[in-house]
Amino acid sequence: MNILASYNWIKEYLDTNFSPEEFARKTTAIGNSIERIDKLSERFEKIVVGFVKEVKPHPNADKLKIAMTDIGKETVEIVCGGVNLSQGQRVVVGLPGAKVKWHGEGDLVELVKTKIRGVESHGMICAVEEIGFEKLPHGEHEIWDISELTDAKPGTSIVKALELDDVVFDIEVTSNRVDCMSIIGQAREGAAVTGEGLKGPKGPRGPRGRDKKFTIDVKEPELCPKYSVILIENVKVAPSPWWLQKRLLLAGHRPINNVVDITNYVLHEYGQPLHAFDADKLDGEKIIVRKAKKGEKMKALDGKDYEFSHDMLVIADAKKPVAIAGVMGGEETATTENTTRVLIESATFDPVSVRRTARALNLYSDSQLLFEKGLSTESTEPALARAIELIVELTGGNVASSMMTEQAKPYEPRVFPFDPQKAQTLMGIKMEEKKMVEILERLGFVVEPNHSIAVPYWRDHDIEASVDFIEEIARVYGYENFPSVFPAGEIQLIQEDQAIKFQRRTKEILKGAGFTEVYSYSFISEKQHTAYGLKKDDAVVLRNPLSSEFEFMRPSLVPSMLTAIEQNQHHFPEADLFEIAPVYLPKKGDLPDEPLNLIMACYGKDGRELFLRAKGALERLMRELGINDWSVERSRDPSDYIAHYHDGRLASIYIGKSCVGEIGQVSDRFVKIFGLDVTCVLIDIREPEFFLKCTSIKSFKPISQFPEVKRDLAFVLDERTEYETIIEKLEKTSTLLERIELFDVYRGKSVDEGKKSLAIHLSFRSNERTLESKEVDQEVEKIRYVLKEEFHAILRS
């Protein structure tokens, strides 16, 4: 989470003279990380107020004009295309050297004197988007007319003229510190680290009105622990004054009208979301906090219609839903320029309920982000009082009711015991108890004499145990102040997990073989799930997926790999990929099994070459992992899994007698379903114990003192005869045969259809003597005989 915080705004609540840089350094050191400092005086350097004295047509362009503009020291010609440009306007002028967003897009560009269609232009008359205020209401191709905002003299810096002399911090806030997502929260952190005084807020300040005119009925107190509203009448809705619009712009909000702007202002200042209803559009002068009825619909403020399920919490009037609790209000009851009576809501909602509703509707907002982190019930009234104060001041309205509140139970602060001695032990330093108490009190904690500590309401979703107090003391004291001490004692050696060891080794081997590792999500979409021919019961279904792309936990790595290939095939038409990751197999009444799988993929154009490449990589992998008792056999399994592969281009992988996976070319059907334009061969190893079968133990075999003798054989045989079968038979034929190596496979001219020609190297050796040529010839003759009789091979000369 990030918040844009004006330093001037922070200083309204923090009495400090620290420079922005020093303040940023100190607060970052305690974990409130300021990532960027935006000095507006530097951002708007050489951007000044200009006064348009005369507008002339451009001699060479119908859509351009020449504005004779007074910039203080002189009057210059500026070529401008603003459709609303007219004489007598005060405008924002970027002088040569100023940096602006060119037409509101891309990076900043530095302005220079230039000729535009033959006329020299001495700068730019800026639109709101060109100086970073694109969220201000504006028309297309309009320049920013600031005549109503300032009467500053021409040439005055825009920083001075529009009171923009400020520094904006871009602050990263950790998800547990929702209290820091506000100006007051940032002031509290600043007070703790600087030791300087915190100014206000002092509590509810809203005036009381007449008897309440609306009734509140909270039917789901567990989902809405506290709900407060107040009615304000005689409101005049209009654009907000510049000081308010400026604050919102610098905070990243879009000004809309004074009522809505006040709710956003208080949201940013107090960290408590508010909502304004047009009271005249609420039926029955009643607010009901209830669960939605199945099928109920509402158009939200984003202009889209949403249909609710029965478990979603809504705010309703007597007839219909008017807001999605904690997420967004409805368009029908929103304030408009005709609104005269507003009902201001300040409430807290169950974080889980808000999060689930937002995910289910795919609807997000600034309010939802805060509510789903958890807000205190005590934060509603101070924020509502501040909103009342501003609405009365800026809209001329008057409070027409008391603050109406329905609360599930009285608030009780969280209290935990505190042991100063334990704190010193855990921190590893000596610190006086007085110093600890001082730090905690600066953070808003109430320390009792009996060493019990009450947690301030804005931290009641963050502080969960006594040990959290020690963390607070340590971070404010400063980790940089802790002495550096080498750890004492003997370092214990941990036995390396064999499975993890060989996972790493597998990655090294495959990367060395030219493969690229793939990292894909553990989730797959219903489209991927269905495309791969899986049934719903074959996978773990998520109840609350992040999106429709992540509905299932994958039971196989194949859909993820095929999707990765589809996404990369046009950038890399040929590649070798692999992934080692768990799959998730459903287990009735229990958590799913999570076996680790290995998948390898070779894709490109030539299926035969890809198959050989994949098999070669598999052979290398098995050899280097020390797995010797493995084999590949033609698969005859008719299961659904086999249907994913090309008929006749599939084999099962065995270790010993156990089938651990398959190697095969993906069938044309599945190539088409997954949108592949390439041929793909997969090696899918699904054996959970695969990495435990690996070994790094090498057996030593002494080098023979006697030379080997080589012979070559070439022969033609049936296409479907498996090479592995031939090897097994030949190895049993001769006791002197040491190695067989295939060096050529030929199909084509001079070889009949349905046949193939193989050429092999035969290596013979004896460990007792040097072989004679006659002995080798006899062994070769045995092999030739076996080839003829067993495999009906035709020997080639």
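Residues numbered from 1 in each chain as written. Predicted model: local features only at pLDDT ≥ 70, side-chain atom pairs only at ≥ 80, totals over all residues. Heavy atoms only, no water.

## Some thoughts on helix H11 (residues 420-427)
Thought 1: For H11, the complete set of buried residues consists of Pro420, Ala423, Gln424 and Met427. Buried residues of H11 fall within an arc of 95° about the axis and therefore sit on the same side. Turned more than 90 degrees away from the buried face of H11, the exposed residues are Gln421, Thr425 and Leu426.
Thought 2: At its buried positions, H11 is contacted by helix H12 (433-442) and helix H13 (467-477).
Thought 3: Here H11 starts with a cap whose side-chain oxygen sits 3.0 Å from the backbone nitrogen of Gln421, and that cap is Asp419. (Buried < 20%, exposed > 50% of the residue type's maximum accessible area, 1.4 Å probe, protein only. Helix = DSSP H or I, 4+ residues; strand = E, 2+ residues; numbered from the N terminus. Arc of directions from axis to C-beta. Contact = heavy atoms within 4.5 Å. Polar contact = N/O pair within 3.5 Å; in protein donor to acceptor, adjacent residues only side chain to side chain.)

## A few points about a negative patch on the surface
Thought 1: Residues Glu633, Glu724, Glu728 and Glu731 make up a contiguous surface patch of negative charge.
Thought 2: In terms of residue count, the dominant contributor to the negative patch is helix H19 (residues 723-733) (three residues).
Thought 3: Within the secondary structure, Glu728 is located in helix H19. (Patch = residues over 30% accessible without salt bridge, like charges linked within 9 Å, V, L, I, M, F, W, Y side chains within 5 Å. Areas by Shrake-Rupley, 256 points an atom, 1.4 Å probe, with all protein chains shown as cover. Salt bridge = Lys/Arg side-chain N within 4 Å of Asp/Glu carboxyl O. Lys, Arg positive; Asp, Glu negative; His and termini not counted. Charge placed at Lys NZ, Arg CZ, Asp CG, Glu CD.)

## Describing the packing of helix H14 (residues 498-512) against helix H17 (residues 607-624)
Thought 1: Between H14 and H17, whose axes approach to 10 Å, the crossing angle comes to 140°. By the criterion of interaxial angle, the relationship of H14 to H17 is oblique. Handedness of the H14/H17 crossing: right-handed. Contact residues: H14 offers Arg505, Thr506, Ile509, Leu510 and Gly512, while H17 offers Arg620, Leu621 and Glu624. (Axes fitted to C-alpha atoms, helices over the stretch in contact; angles between N-to-C directions. Parallel < 35°, antiparallel > 145°, perpendicular 65-115°, else oblique. Left-handed = near helix turned anticlockwise from the far one by under 90°.)

## With respect to the side chain of Asn597
Thought 1: Within the element layout of this structure, Asn597 appears in strand S35 (residues 596-604).
Thought 2: Aside from chain neighbours lying at most four places away, what touches Asn597 is Leu557, Glu579, Ile580, Ala581, Val583, Ile685 and Arg686.

## Description of the pattern of salt bridges
Thought 1: In total, this model carries 47 salt bridges according to the counting rule given.
Thought 2: Across the salt bridge formed by Arg459 and Glu472, the nearest N and O atoms sit 3.0 Å from each other. One end of the pair, Arg459, is in the loop between strand S27 (452-454) and H13; the other, Glu472, is in helix H13, with 13 residues separating them in the sequence.
Thought 3: Of the charged contacts, one joins Asp576 and Arg613 as a salt bridge, the two residues approaching to 2.7 Å between their closest N and O atoms. Here Arg613 lies in helix H17 and Asp576 lies in strand S32 (residues 575-582), a separation of 37 residues in the sequence.
Thought 4: Judged by its relative accessible area of 12%, Asp576 falls in the buried class.
Thought 5: Residues joined by salt bridges that share partners form a network here, namely Arg177, Asp179, Glu189, Arg459, Asp462, Glu472 and Arg475.

## So, the state of the cysteines
Thought 1: Per the counting criterion, the structure on display carries zero disulfides.
Thought 2: The cysteine Cys126 is free of any disulfide, with Cys80 supplying the nearest cysteine sulfur at 9.2 Å.
Thought 3: Residue Cys126 is classed as buried on the basis of its relative accessible area of 1%.
Thought 4: With no disulfide of its own, Cys680 lies closest to Cys602 among cysteine sulfurs, the gap being 8.1 Å. (Disulfide = S-S within 2.5 Å.)

## A look at unusual backbone geometry
Peptide bonds are trans in most cases, and residues, glycine excluded, mostly fall at negative phi.
Thought 1: For Lys46, which is not glycine, the phi dihedral falls at a positive 65°.
Thought 2: You can see Lys46 is positioned in the loop between helix H3 (40-43) and strand S3 (47-57).
Thought 3: Positioned with a positive phi, Asn234 is a non-glycine residue whose angle comes to about 60°.
Thought 4: Structurally, Asn234 is set in the loop between strand S14 (226-233) and helix H6 (242-251).
Thought 5: Accessibility expressed as a relative area gives 53% for Asn234, which makes it exposed.

## Some remarks on the nonpolar core
Thought 1: Of all hydrophobic cores here, the largest spans 83 residues; its most connected members are Ile10, Phe169, Tyr227, Phe308, Ile315, Leu343 and Phe349.
Thought 2: Each of domain 1 (2-41 + 167-194) and domain 3 (215-407) contributes no fewer than three residues to this core.
Thought 3: Discounting residues that sit within four places of it in the chain, Phe169 has contacts with Ile3, Leu4, Ala5, Tyr7, Ile10, Pro20, Phe23, Ala24, Ile34, Arg36 and Ile37.
Thought 4: Core analysis: the second largest hydrophobic core is formed by 31 residues, Leu625, Ile655, Ile685 and Cys694 among them. (Core = buried A, V, L, I, M, F, W, Y, C linked by side-chain atoms within 4.5 Å. Domains from an automatic or database assignment.)

## Focus: the sheet that holds strand S31 (residues 552-553)
Thought 1: The three strands are arranged S29-S31-S30 in an open sheet whose pairing can be described as antiparallel. Only two strands of the sheet have a single partner each, and these edge strands are strand S29 (523-524) and strand S30 (540-541).
Thought 2: Bridge analysis of S30 against S31 gives two bridges, and the strand direction is antiparallel. Across the sheet, residue Val541 finds its bridge partner in S31, namely Phe552. (Pairing = 2+ DSSP bridges.)

## Side note on the packing of aromatic side chains
Thought 1: Inspection of the entire model under this criterion finds 20 aromatic pairs.
Thought 2: A centroid spacing of 4.6 Å and a plane angle of 25° characterise the contact between Trp9 and Tyr265, whose relative ring orientation is stacked. In this pair, Trp9 is assigned in helix H1 (residues 7-11) and Tyr265 in helix H7 (residues 258-270), connecting sequence segments 256 residues apart.
Thought 3: Through pairs of rings, three or more aromatic residues link up here, namely Phe44, Phe133, Trp144 and Trp242.
Thought 4: In this structure, Arg188 is placed above the aromatic ring of Trp458, and the distance from its NZ or CZ to the ring centre is 3.7 Å.
Thought 5: Across the ring face of Phe670, the terminal group of Arg669 is positioned such that the distance to the ring centre comes to 4.8 Å. (Phe/Tyr/Trp six-rings, centres within 6.5 Å; stacked < 30°, edge-to-face > 60°. Lys NZ or Arg CZ within 6 Å of the ring centre and 35° of its normal.)

## Thoughts on the pairing of strand S22 (residues 342-348)
Thought 1: By the criterion of burial, S22 is predominantly enclosed, with seven of the seven residues buried.
Thought 2: Both S14 and S22 contribute to a ladder of seven bridges, which runs antiparallel. Its bridge partner being in S22, Ile232 is matched across the sheet by Val342.
Thought 3: Both strand S15 (residues 274-278) and S22 contribute to a ladder of five bridges, which runs antiparallel. Looking at S22, one finds that His275 is bridged to Glu345.

## Regarding the confidence of the model for the protein chain
For any part of a model where pLDDT is low, the fine detail of the predicted coordinates should not be relied upon.
Thought 1: Across the protein chain, pLDDT averages 91, with 97% of residues at or above 70.
Thought 2: In this model residues 202-206 is a low-confidence stretch, pLDDT under 50, and it forms eight contacts with partners more than four residues away in sequence or in other chains. (pLDDT = per-residue confidence, 0-100.)

## Points about the sheet that holds strand S5 (residues 75-80)
Thought 1: Pairing is antiparallel in the open sheet, where five strands are placed in the order S5-S4-S3-S6-S11. Where the open sheet ends on each side, the last strands, each with one partner, are S5 and strand S11 (124-125).
Thought 2: As judged from the six bridges shared by strand S4 (residues 65-70) and S5, these two strands associate in the antiparallel manner. Residue pairing across strands places Asp70 opposite Thr75, the latter belonging to S5.

## Some remarks on the domain arrangement of the protein chain
Thought 1: Taken domain by domain, the protein chain holds domain 1 (2-41 + 167-194), domain 2 (45-161), domain 3 (215-407), domain 4 (415-480), domain 5 (498-693) and domain 6 (709-795).
Thought 2: Relative placement of domain 2 and domain 4: their C-alpha centres are 55 Å apart.

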